[in-house]
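Overview (structure and organization)
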Amino acid sequence: MNFVDTHCHLNDEKFSEDLLEVLERAKISGVNRIINFGDTLKSSAAVVELATKFEELYAGVGIHPEEISGFNENSAEKIIELAKNKKVVAIGEIGLDYYWEKDSEKRLQQQKIFIEQLEIARQVNLPVCIHEREAHGDALKILKTEGKNLRGVMHCYSGSLEMAKELWKMGWLIGVDGPLTFKNSAKLPEIVKAAPREMILIETDAPYLAPVPNRGKRNEPSFVIDVAKKIAEIRGETLETVAQYTTKNAENLYNIGVK
Ligand code: NI
C-alpha cells in the first residue's frame, strides 16, 4: 500500500536530531511521498532545500497568515522565485487565522495577502494549500471571488458540512489529519463520511496534531496511516481502498507522478 503525507513540516527543529530515521519509518510504512510546507520565506526556502536532498520530499511555499508582518512586493517575488524549483508543487500554507488574530485591521491585512498569494498561485500555475481557522465565511467568500481557475485543498479541515459541500462543488478538497481520531472530533467524522472519494486528502501536519494512539506526542509522516485507518472505519471501506484513492487524489492535485 502507498500513502502520501500531503502536509507536514519536517524542517521543524523537532526533527533536527532524527530526520533520517523519521524518513526511514515513513518509507517502511508505505508513506513514500511527503509534502512539506513553509510558513515564512525562511521556512519556504528550507523546505525547498530539503526537497532537493530527498527524492520522496516535495515542497509548498508561501506565507502563513500568522506570519504576514513584513510581507511586501519583494516577498511575492521571492515566493515566485522559489516556486520555479521543480520539487515545489504548491503555494501554501496561506490563508486566514482568526483564532489567533482578533484585530480587525490585521484580519483585513490577512485577507489582502491571502488574495495576493492566490494570485501568485495563478501566475505560477500551482495548486493552493489553505490554512483557515475560525474564518470560514471570509475564506469561502474569497475563494468564490478570487479563487476562480485555482485548485487546492482546505488543509486540516475544521469547517461545517455545509461549507465542505460548497467547497466540493467548487472543486476544492479537504485535508484530514489527526483530530479525526480524537474523542472530541465533533462534526469531522460526519463530514468525512459524506465526502466524495475524490475530495479527501490525508495529512499529518507533523510535528503537530499526532493521531491516536500517539496523541500528544510528536507527529511524523508514518502516522498518516492512523488517519487513513480511521477514515476506513468511518466510511466502511478497507484501508487499501482508502490508500488507493487518497494517493490518487494527492497525485492528481499536486502532480507528483505515479508510484
Ligand atoms: Ni501546517
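Refer to the preceding data block for the structure.
Rules behind the numbers
Residues numbered from 1 in each chain as written. Predicted model: local features only at pLDDT ≥ 70, side-chain atom pairs only at ≥ 80, totals over all residues. Heavy atoms only, no water. Axes fitted to C-alpha atoms, helices over the stretch in contact; angles between N-to-C directions. Helix = DSSP H or I, 4+ residues; strand = E, 2+ residues; numbered from the N terminus. Left-handed = near helix turned anticlockwise from the far one by under 90°. Contact = heavy atoms within 4.5 Å. Nonpolar A, V, L, I, M, F, W, Y, C, P; charged D, E, K, R; others polar. Pairing = 2+ DSSP bridges.

**So, the packing of helix α3 (residues 73-83) against helix α4 (residues 104-124)**
Where α3 meets α4, the axes come as close as 11 Å, and the angle between the chain directions of the two elements is 35°. The handedness of the crossing between α3 and α4 comes out as right-handed. Listed contacts from α4 to Ala76, Ile79, Ile80 and Ala83 of α3 are Gln117, Ile120, Gln123 and Val124. Tallied by class, residues from the contact of α3 with α4 come to six nonpolar, two polar and no charged.

**Looking at the sheet that holds strand β7 (residues 173-176)**
Taking strand neighbours across the sheet as the criterion, the eight strands line up as β1-β2-β3-β4-β5-β6-β7-β8 in an open arrangement whose pairing is parallel. Of all the strands in the sheet, the pair left with one neighbour each is β1 (3-8) and β8 (200-202). Across the sheet, the axes of successive neighbouring strands diverge by a mean angle of 30°, strand direction being ignored. Alignment of β1 against strand β2 (residues 31-37), held across four bridges, turns out to be parallel. Considered in β2, the bridge of Asp5 is made with Ile34. With respect to the sheet, α4 is in contact with β4 (88-97) and β5 (128-133), its orientation differing from that of β4 by roughly 165°.

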